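Reading the structure
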Amino acid sequence: MRSLMEIMVGSCEDTGEQLSAHLEGELTGLRRLRVRLHLAGCSVCSAAARSLRKTIERLHQLDDGFTPGPSPSVVPAVLERIRESHQE
Ligand SMILES: [Zn+2]
C-alpha cells in the first residue's frame, strides 16, 4: 500500500520517468512540483538528477548551433544506466 507521502511526491520510478523532461524544463504545475518534492527527499534520485543534468548540459554544448536539444534517444539510455548503477 502506498503511503500518503509517496502519493504526494511520487515514486522513484515516476520521478525517473519524468527526470529528463524536468531537467529540460518541460514539466509544469503539479507534475513539476512532485518531481521537485521527490528530489528534495530522495538522495538516489537527486544524485541521478545531478548526473543527468551534467550529461544534458554537455549534450547541449555539443549540439549548440546544430540542433535544439539532445537526441531523444540519448537521454533515456543515460538515465537507464544511472538507475542501474544505483541498484547495484
Ligand atoms: Zn527517488
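The text that follows walks through the structure, step by step, so that each part is easy to find.

Conventions and cut-offs
Residue numbers run consecutively from 1 along every chain, following the written order of its sequence. Since the coordinates come from a predicted model, pLDDT governs what is reported: local features require at least 70, and pairs of side-chain atoms require 80 or more to be given and counted, while whole-chain, interface and lining totals use all residues. No hydrogens and no water enter the side-chain calculation; it runs on all heavy atoms of the structure. The donor set comprises N, O and S atoms within 2.8 Å of the metal, extended to 3.2 Å for Na, K and Ca; water molecules are omitted, so apparent gaps in a site may simply reflect that omission. Here the metal geometry follows the donor angles, with tetrahedral for four donors whose angles all fall between 85 and 135 degrees, square planar for four and octahedral for six when opposite donors are more than 155 degrees apart and every other angle is between 65 and 115, and irregular for all the rest. Secondary structure elements are defined from DSSP: runs of H or I of at least 4 residues count as helices, runs of E of at least 2 residues count as strands, and each element is numbered from the N terminus. Categorising residues by exposure relies on relative accessible area from a 1.4 Å probe, with only protein chains included: less than 20% of the type maximum marks a residue as buried, more than 50% marks it as exposed, and the intermediate range marks it as partly exposed. Residues belong to a common nonpolar core when they are buried Ala, Val, Leu, Ile, Met, Phe, Trp, Tyr or Cys residues joined through side-chain atoms within 4.5 Å. Working rule for contacts: check all heavy atoms of both residues, and any pair within 4.5 Å makes them a contact. Multiplying one less than the number of residues by 1.5 Å gives the expected span of a helix.

This next bit is on the coordination of the zinc ion. Binding of the zinc ion to the protein goes through Cys12 (SG), His38 (NE2), Cys42 (SG) and Cys45 (SG), at separations of 2.0 to 2.3 Å. Geometry at the zinc ion is tetrahedral, judged from its four donor atoms and the angles of 101 to 112° they form at the metal. Coordination of the zinc ion draws on donor residues from a single chain, spaced C-x25-H-x3-C-x2-C in sequence. Within this pair, whereas Cys12 is found in helix H2 (residues 12–23), its partner Cys42 is found in the loop between helix H3 (29–41) and helix H4 (43–63), the two being separated by 30 residues in sequence. Classification of Cys12 by relative accessible area gives partly exposed; the value is 40%. The class for Cys42 is buried, based on a relative accessible area of 13%.

With that settled, the discussion passes to the nonpolar core. If you look at the biggest cluster of nonpolar residues, it comprises 16 residues, and the most contacted ones within it are Leu19, Leu23, Val35, Leu39, Leu52, Ile56 and Ile82. At the level of secondary structure, the elements contributing two or more residues to this core comprise H2, H3, H4 and helix H5 (74–87). Ranked by the residues each element gives to this core, the list is headed by H4, at five residues. Not counting chain neighbours up to four residues away, the residues in contact with Leu39 comprise Thr15, Leu19, His22, Cys45, Ser46 and Ala49.

A few words on H2. If you check H2, its first and last C-alpha atoms are 15 Å apart, about what 12 residues at 1.5 Å a residue would give, namely 16 Å. Among all positions in H2, only Thr15, Gly16, Leu19, Ser20, Ala21, His22 and Leu23 are buried. Backbone geometry just downstream of H2 places Gly25 in the positive-phi region, at approximately 75°.

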